[in-house]
Amino acid sequence: VNIAGVPTKLDYKLVPLNKLILDQDNPRIGLFKDANTKLDLDQNEIEYSLSSKNPKAFEKLKESIRINEGIINPIWITLMGEKYLVVEGNTRTLIYKQLNEDFPNKVEYQKIPGYVLPPKINKEKIEFIRLQAHLRGVTPWDSYERARYLYLLWDKQGYSEKRLSSMTKLNVSEIKSAIKAFQDMEDEYLP
C-alpha cells in the first residue's frame with residue numbers, strides 16, 4: 001500500500017494480545033499525558049486513559065465489537081523487540097483484551113487482526129497513519145488532542161500548515177487556529 005505516497009509492503013496477521021504494547025504517544029490520550037507528571041505512562045495508565053476518557057463511546061464500541069465478534073478495520077502495528085507497538089487501534093486492542101477476559105474461551109478475542117509495518121519504518125509514515133486514522137477518521141477527536149497533535153507535527157516534525165491541511169479534513173485557517181489554541185493552552189493554562 002502507499003503510505004505518505006511511498007509504496008510500503010505490509011504483512012497481515014492475527015496477533016496474540018500478549019504480544020501487543022499500547023502506545024503512550026497515541027494522540028487521543030494527549031491531555032491525560034500532558035496532565036500527568038510522569039514522562040512515561042505504563043500500560044495500566046494508558047488503559048485507564050483510553051477507557052475513561054469517554055466511557056459511553058468506549059462501551060458503545062466494545063458492544064459493537066462484541067456483537068460483531070471482531071473488528072472490521074485491522075489495527076496497525078510495528079515490531080518492537082519481541083512485541084508489537086500499536087501505532088493505530090489502541091482502543092480496539094484494549095477492548096479485545098477486555099473481551100478476552102470476559103470470554104476466555106472465545107477464539108475470536110484471543111488474537112486481533114493487524115497490519116504489520118516493516119521494521120525500522122520512518123516516523124513520517126507512522127505520523128501519516130495516525131493523521132489518516134484520527135484526523136480523517138470516523139470518530140470525532142477532542143479539540144485538545146487534535147490541536148496538540150497538529151502543534152507537535154508543525155513544531156517538532158516541521159510539517160507546514162499547508163501540508164497538514166492536505167493531509168486532514170481541515171483548512172489552513174483551522175490548522176493555524178488549532179496550533180495557536182494549543183500554544184495558548186500550553187503557555188497560559190497547563191502551567
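So, here is what we can say about the structure in this document. (Residues numbered from 1 in each chain as written. Predicted model: local features only at pLDDT ≥ 70, side-chain atom pairs only at ≥ 80, totals over all residues. Heavy atoms only, no water.)

### A look at the pattern of salt bridges
Note on pairing: side chains with opposite charge can pair once their charged atoms come close. In this structure the tally under the stated criterion is 15 salt bridges. One salt bridge connects Glu88 with Arg92, and the closest N-O pair in it is separated by 2.7 Å. The buried category is assigned to Glu88, whose relative accessible area is 12%. Of the charged contacts in the structure, one is a salt bridge between Arg130 and Glu127, with a shortest N-O distance of 3.7 Å. Here Arg130 and its partner Glu127 are both found in helix H5 (residues 123–135), three residues apart, which amounts to about one turn of the helix. Of the residues examined, Arg130 reaches a relative accessible area of 4% and is grouped as buried. A single network of salt bridges, built from pairs that share partners, joins Asp23, Lys123, Glu127 and Arg130. (Salt bridge = Lys/Arg side-chain N within 4 Å of Asp/Glu carboxyl O. Buried < 20%, exposed > 50% of the residue type's maximum accessible area, 1.4 Å probe, protein only. Helix = DSSP H or I, 4+ residues; strand = E, 2+ residues; numbered from the N terminus.)

### Some words on the pairing of strand E7 (residues 111–117)
Of all seven residues in E7, five are buried; the element is thus mostly enclosed. Of the strand pairs in this sheet, strand E3 (residues 11–16) and E7 are connected by six bridges, and their pairing is antiparallel. When the bridges of E7 are listed, Val15 appears paired with Ile112. Where strand E5 (residues 75–80) and E7 come together, four bridges link them in parallel fashion. Across the sheet, Ile77 pairs through a bridge with Val116, a residue of E7. (Pairing = 2+ DSSP bridges.)

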